[in-house]
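Residues per chain are reported as follows:
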Amino acid sequence: MIAEEIDGLELLCEDLPEIETDSGEVQLVNAQRDDIKNRFAALQEPLEKKKKKVDEKENLREFNKLAGDEEQYLKEKQIALDNNNLGQTLMEAEMLLSKHQAFVGDLEKHTPTFEVTMEYGKELQVADHYGSNIIEARLNQLKAQWDDILQKSEARNKDLEENNLTQKFYFECTEAESYLKEIAHLITTDTPADEASAETMLTKHKTVQASIEDHKERINNLKTMLDSLNDHPLMARFNNRYDYINEAYEKLDEKAKKRRKVLEDSYNLFHFNREVAELNVYISSKEIVANSNDLGRDYEHVQVLENKFNEFYTELTTIGQGRVDELFVGGDSLLDNNHTMTPDIQNAMSGMQEKWANLLDLAATRKATLASSVELHKYHRDVNVLISRIQAADASIPSDLGRDVSTVQALQRKHQSMTHDIQAIRSQVEGLDRENGKLQGEYPGARARGVGERQEQLESSWTRLQEHLTLRKEALLSSTDLFTFLRAANQLIQWATNMRKLFVTDEIGTNVSAVDLQILQHRDLKCEMDTRLSNREECEKLGNDLLTKEQFVDVVTEKLDQVTLVWDSLYSDWDETLEELDIMLEAHTFARDAKSADTWITNQSGNLTDPPETAKAH
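Residues numbered from 1 in each chain as written. Predicted model: local features only at pLDDT ≥ 70, side-chain atom pairs only at ≥ 80, totals over all residues. Heavy atoms only, no water.

To continue, consider the overall build of the protein. Helix and strand counts for the protein stand at 14 helices and zero strands. Along its sequence from the N terminus, the protein presents helices and strands in the succession α-α-α-α-α-α-α-α-α-α-α-α-α-α. When each of the 618 residues of the protein is scored for burial, the buried share is 32%. For the protein, contacts bridging at least 24 residues in sequence account for 83% of all contacts bridging at least 6. Within the structure as shown, the protein displays about 38800 Å² of accessible surface, and the carbon and sulfur contribution to it stands at 53%. (Helix = DSSP H or I, 4+ residues; strand = E, 2+ residues; numbered from the N terminus. Buried < 20%, exposed > 50% of the residue type's maximum accessible area, 1.4 Å probe, protein only. Contact = heavy atoms within 4.5 Å. Areas by Shrake-Rupley, 256 points an atom, 1.4 Å probe, with all protein chains shown as cover.)

Our focus in this paragraph is helix α7 (residues 299–336). Here α7 contains 38 residues, and its C-alpha end-to-end distance of 52 Å stays within 8% of the 56 Å for a straight helix at 1.5 Å per residue. In α7, a bend of some 30 degrees at leucine 316 exceeds every other bend along the element. Two to three positions downstream of the cap, the backbone nitrogen of glutamate 300 sits 3.3 Å from a side-chain oxygen, assigning the N-cap of α7 to aspartate 298. Directly beyond the C-terminal end of α7, a positive phi value near 55 degrees is found at asparagine 338. (Expected span 1.5 Å × (residues − 1). Bend = angle between axes of the 7 residues up to and from the residue. Polar contact = N/O pair within 3.5 Å; in protein donor to acceptor, adjacent residues only side chain to side chain.)

Turning next to the pattern of salt bridges. All told, the structure shown has twelve salt bridges when counted by the stated rule. The closest approach of N and O atoms between glutamate 247 and lysine 251, which form a salt bridge, is 3.6 Å. Taken together, the positions of glutamate 247 and lysine 251, both in helix α6 (residues 235–290) and four residues apart, correspond to about one turn of that helix. Through salt bridges with shared partners, a single network forms among Glu195, Arg274, Glu275, Glu278 and Arg323. (Salt bridge = Lys/Arg side-chain N within 4 Å of Asp/Glu carboxyl O.)

We describe a pair of aromatic rings using the distance from one ring centre to the other and the angle between the two ring planes. Applying the stated rule across the entire model yields five aromatic pairs. Ring plane angle 10 degrees and centroid distance 4.4 Å describe the contact between phenylalanine 114 and tryptophan 146, whose orientation is recorded as stacked. Of this pair, phenylalanine 114 sits in helix α3 (residues 90–126) while tryptophan 146 sits in helix α4 (residues 132–184), placing them 32 residues apart in sequence. Each member of the pair phenylalanine 114 and tryptophan 146 is classed as buried. (Phe/Tyr/Trp six-rings, centres within 6.5 Å; stacked < 30°, edge-to-face > 60°.)

Turning our attention to a negative patch on the surface. Taken together, the side chains of Asp575, Glu576, Glu579 and Glu580 present a region of like negative charge at the surface. On the accessibility criterion, glutamate 580 (43% relative accessible area) is partly exposed. (Patch = residues over 30% accessible without salt bridge, like charges linked within 9 Å, V, L, I, M, F, W, Y side chains within 5 Å. Lys, Arg positive; Asp, Glu negative; His and termini not counted. Charge placed at Lys NZ, Arg CZ, Asp CG, Glu CD.)

What follows deals with the nonpolar core. Side chains that are nonpolar tend, in soluble globular proteins, to be buried together. Ranked by size, the top nonpolar core spans 27 residues in total, and within it Phe485, Met499, Phe503, Met529, Trp567 and Leu570 carry the most contacts. Elements represented by at least two residues in this core include exactly α10 (446–503), α11 (512–531), α12 (533–548) and α13 (553–609). Ranked by the residues each element gives to this core, the list is headed by α10, at twelve residues. Ignoring sequence-local partners within four residues, the contact set of methionine 499 consists of Leu525, Glu528, Met529 and Leu570. Among the nonpolar cores identified, the runner-up in size contains 25 residues, and Leu269, Ile283, Val324 and Leu327 belong to it. (Core = buried A, V, L, I, M, F, W, Y, C linked by side-chain atoms within 4.5 Å.)

Bringing the confidence of the model for the protein into the picture now. Reading fine detail from the predicted coordinates is not recommended where pLDDT is low. Per-residue pLDDT for the protein averages 76, and the proportion of residues at 70 or more is 81%. No element of the protein has a lower mean pLDDT than helix α14 (residues 612–617), at 48, and none a higher one than α7, at 85. Contacts from residues 614–618, a stretch scored under 50 in pLDDT, to residues over four places away or in other chains number one contact. (pLDDT = per-residue confidence, 0-100.)

On to the packing of α6 against helix α8 (residues 342–395). Viewed as axis vectors pointing N to C, α6 and α8 meet at an angle of 20 degrees, and their least axial separation amounts to 10 Å. Classified by the angle their axes make, α6 and α8 are roughly parallel. Our pair here, α6 against α8, has a crossing hand that is left-handed. In this structure, α6 uses Leu269, Phe272, Val276, Leu279, Asn280, Tyr282, Ile283, Lys286, Glu287, Val289 and Ala290 to contact α8, whose residues at the interface are Ile345, Ala348, Met349, Met352, Lys355, Trp356, Leu359, Leu362, Ala363 and Arg366. Within the contact of α6 with α8, the residues separate by chemical class into 16 nonpolar, one polar and four charged. (Axes fitted to C-alpha atoms, helices over the stretch in contact; angles between N-to-C directions. Parallel < 35°, antiparallel > 145°, perpendicular 65-115°, else oblique. Left-handed = near helix turned anticlockwise from the far one by under 90°. Nonpolar A, V, L, I, M, F, W, Y, C, P; charged D, E, K, R; others polar.)

It is worth spelling out the environment of serine 98 at this point. Secondary-structure assignment places serine 98 in helix α3. Between the C-alpha atom of serine 98 and that of asparagine 157, which follows or precedes it by 59 residues, the distance is 9.8 Å.

Once that is clear, we can look at the packing of α6 against α7. Their axes nearest at 10 Å, the elements α6 and α7 cross at an angle of 155 degrees. When the axes of α6 and α7 are compared, the pair comes out roughly antiparallel. For the pair α6 and α7, the sense of crossing is left-handed. When its residues are assigned to classes, the contact of α6 with α7 shows 13 nonpolar, four polar and seven charged.

What follows deals with the environment of phenylalanine 312. Mapped onto the elements, phenylalanine 312 comes out in helix α7. Placed 26 residues apart in sequence, phenylalanine 312 and lysine 286 show a C-alpha to C-alpha distance of 8.6 Å. Ignoring any residue separated from it by four or fewer positions in sequence, one finds phenylalanine 312 in contact with Lys286 and Val289.

Have a look at this one:
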């Protein structure tokens, strides 16, 4: 505050030269200012010393306050540690241990506060505080009290944990002894009267025995606790207590096992006798099915019978066999345990084995008989189906022979496809033929004759179908030849007609050159006609082949006559046209020559009548 006023006075003095005043007054002001500054500077050192002393007193007061708080805290903790009670029961021991653990937790939580106090005192010592000796003594006292508290706390924690383990051991021993006494009363010696009572007793006893087995872990835990008390002064007493409990447990466990064996033997015997009775009923019901003589009305019916019997046989050889095996296992178990009813058990097992073997023989015979019946019915069914298929294929063979070559070729392709599809029937016919031979060998007599007759009917149908297919193929081939011939004949007739139009005309050249050109063209047409002779020969050959086969005689004869007539007319007309052209050529040649002669004569006559001068000029 004073330093700020002096700084303000300094600023005022610096502004004085700008004020219009007497110079002597300015000097007086400056001198007063310097005097004030010097006096203020002389006060600084005493003030600093005073301030330091005041601060050190305040710091010492603060340290004493913090140290006092710590001493009070440690005093309270010391009172708590002076309690030597470790607990006389497990509950008291656990409560005291928990309480001490909270005590330790509080110490750990308070440690930073204690360290702050100690650090604060050390800082004062480092700052050369005037009370450093007092501070050091108090710090040493606090550290000694703190270390003592920690040491006693650790020792009490160890004592409490050891006592807690001891009390727990005593508690577990008491509980184990109490349990063994209670559970021992549940192991009775009552004898069951039937299977239900035996099962009930066994179920209850299993629960008791499971509880005893679960208690084994408690005995093991008791042993673990005993091992952890190895250095305890009462170790000999602890060992005796444990040995007594363990021996009692072993005796109880052995008693429970024996009781269980007795109950299991009783239950197994009752169960065995019931299974024997139920299996006898089961076998009697299955024998009725196995003795059936029904072989089915047809293939579908016998399939139903076989499927049902296969299910029956599967159930017999799995579930039924399993029941028998289970019965024998139970009986063997009873015999192995030297049961008192051993003779009766052996007789029951022997009788059951004989009955079961007889049932399996009956079932196997019935299975084989049904399989044979399935083969016979399947053969007759397959033959019927195949004959129906052959007859349907035979009926589906068309009679249409086509309208022209393209339609016939389409019918041929369809016939080839049909023939290819029908060939698949051949393998089925052959397969049934082999099956027929097999069945006739296996089933002689009337059944074999029936199989043979059906096979003959099948082969007859198949042969008839093959013949019809062959006839159809030949008919289509003949139809192809016919339409090929007709197409060739019509093409020849059409070509000859068109060719005739080229030279049969009323337009004949008006001079020698034109007629000569027509003759050349007419002879070229003759060459083209001659090249077509091979086509005519092929056409006539096709027609003659059909006539040789005596197929389509009327149509072929008529068409051959048309071809012959048209071609004969073509050549006749060509000859006539050529003759006309030759006559016209001679006429035009004569006319041309006559005209040339007439012109020459005229020219020559003129020369004879001209005057001499004109003659010279010529």
